[in-house]
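# Structural description and commentary
Spelled out, the chains give:
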Amino acid sequence: MEAVKTVVLLTLMTLLMVWVGGIFGGQSGMLIALAIAGVMNFFSYFYSDKLVLRHYHAVEVDERSAPGLLAIVKRLADRAGIPMPKVYIIPEQVPNAFATGRNPSHAAVAVTEGLLDLLDEEEIEAVLAHELSHVRHYDILIGTVAATIAGAIAWIANIMQFGAIFGGGRDSNSPNPILMLVMSIILPLAAGIIQMAVSRSREFEADAGAARLTGHPEWLASALMKLENYNRQGMLPEATPETAHMFIINPFTGKDFSFANLFRTHPTTEQRIERLEALRREMGVR
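Heads up: these notes are all about the structure in this document. (Residues numbered from 1 in each chain as written. Predicted model: local features only at pLDDT ≥ 70, side-chain atom pairs only at ≥ 80, totals over all residues. Heavy atoms only, no water.)

## Re the overall build of the chain
Helix and strand content of the chain: 9 helices and 4 strands. Along the chain, helices (α) and strands (β) appear in the sequence α-β-α-β-β-β-α-α-α-α-α-α-α when read from the amino end. Per-residue burial over the chain gives 50% buried out of 286 residues. Sequence-distant contacts, at least 24 apart, represent 67% of the contacts inside the chain between residues at least 6 apart. Approximately 13,800 Å² of the chain is accessible, and the part contributed by carbon and sulfur atoms is 61%. (Helix = DSSP H or I, 4+ residues; strand = E, 2+ residues; numbered from the N terminus. Buried < 20%, exposed > 50% of the residue type's maximum accessible area, 1.4 Å probe, protein only. Contact = heavy atoms within 4.5 Å. Areas by Shrake-Rupley, 256 points an atom, 1.4 Å probe, with all protein chains shown as cover.)

## What about the packing of aromatic side chains?
Tallied over the entire structure, the rule returns 3 aromatic pairs. Relative to Phe-247, the ring of Tyr-56 lies with its centre 5.3 Å away and its plane at 85 degrees, an arrangement referred to as edge-to-face. Of the two residues, Tyr-56 sits in the loop between helix H1 (2–55) and strand E1 (59–60) while Phe-247 sits in the loop between helix H7 (217–231) and helix H8 (257–262), which places them 191 residues apart along the sequence. Neither residue differs from the other here; Tyr-56 and Phe-247 are each classed as buried. When the centroid spacing of 5.1 Å and the interplanar angle of 75 degrees are considered together, the rings of Phe-98 and Phe-247 count as edge-to-face. Taken together, the residues span a long stretch of sequence, with Phe-98 in strand E3 (residues 97–101) and Phe-247 in the loop between H7 and H8 at a distance of 149 residues. Here Phe-98 falls in the buried class, since its relative accessible area comes to 1%. Each member of the aromatic cluster is reached from another via a ring pair, and the members are Tyr-56, Phe-98 and Phe-247. Above the plane of the ring of Phe-204 lies Arg-275, whose end atom (NZ or CZ) is 3.6 Å from the centre. (Phe/Tyr/Trp six-rings, centres within 6.5 Å; stacked < 30°, edge-to-face > 60°. Lys NZ or Arg CZ within 6 Å of the ring centre and 35° of its normal.)

## A look at the side chain of Asn-103
Relative to the assigned elements, Asn-103 resides in the loop between E3 and strand E4 (107–112). Separated by 3.0 Å, the side chain of Asn-103 and the backbone nitrogen of Ser-105 make a polar contact. Within polar-contact distance, the side chain of Asn-103 engages the side chain of His-106 at 2.9 Å. Not counting the four nearest positions on each side in its chain, Asn-103 is found in contact with Tyr-45 and Tyr-138. (Polar contact = N/O pair within 3.5 Å; in protein donor to acceptor, adjacent residues only side chain to side chain.)

## Quick word on helix H2 (residues 67–80)
Between its first and last C-alpha, H2 extends 20 Å over 14 residues, near the 20 Å set by a 1.5 Å rise per residue. Looking at H2, one finds that the buried residues are Leu-69, Leu-70, Ile-72, Val-73, Leu-76, Ala-77 and Ala-80. The buried residues of H2 occupy one face: seen down the axis, they fall within an arc of 155 degrees. Two residues or fewer past H2, Gly-81 is found with a positive phi of approximately 75 degrees. (Expected span 1.5 Å × (residues − 1). Arc of directions from axis to C-beta.)

## Description of the pattern of salt bridges
Applying the stated rule across the entire model yields 10 salt bridges. The salt bridge partner of Arg-75 is Glu-125, with a shortest N-O separation of 3.1 Å. Of this pair, Arg-75 sits in helix H2 while Glu-125 sits in helix H4 (residues 121–136), and the two are 50 residues apart along the sequence. Judged by its relative accessible area of 33%, Arg-75 falls in the partly exposed class. According to the relative accessible area criterion, Glu-125 is buried, its value standing at 8%. For Glu-277, the salt bridge identified is with Arg-280, shortest N-O distance 3.0 Å. On the criterion of helical spacing, the pair formed by Glu-277 and Arg-280 is a turn pair, its members being 3 residues apart in helix H9 (residues 269–283). (Salt bridge = Lys/Arg side-chain N within 4 Å of Asp/Glu carboxyl O.)

So far we have only geometry, and geometry alone does not tell us how the molecule works.
Structural data, given as structure tokens:
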């Protein structure tokens, strides 16, 4: 069901983008919008992982610098049946983690120094299993496509807003400037809602995948609670709404209620723990 839901949501976002281009420029606008999305998707597909890792100052580690961490990742990758990803550590004390890469053969997982200090080995394993579940099911690629299309819609909406204010409606073929202005506000919100729905649905699936990889849903539940509590005290520096969906815990958790909900790309930690508890009972783990 999660895979079907993701396909439906991405299709809706694509149709929304085509519709926006059509209203703004007719058939030519639709083609231009799709061309822009294609270029953005190409760039995101091949280079987004490098840009994200560089943005967060992630440093690649090897068996000499982090033997224990690599051993855990290797064990989980073998268990998941995927190639060994590159492993990075982010020099930051706020605990969090993410995975990136266009497919399992070109994947990377990154954890902050704060996460390694805060969690015990079992909880670290659960977090890494969650990230490898994302890699295994191509969730990062799906998230990148969703974010790219949402960004393109927002870009087109900005053009519509500019046109409505400075030149829209001057001839009979131009869209109504008031309609253009309203749509320039509503459409990015609609795209954002679709994008967040994609991200939220994949988080539940990655949690379940982690529980099955480790055989202990309670390990991830414990890790999520610790990460949630810590992130309420302070936000990860340099965190951006565009990359929030990548992290295991929303880096904006510590912001005020309205801001957190505006950029909520994850289900609540309480909902995630409830599902993990149900899965633990289903698996018969004490």
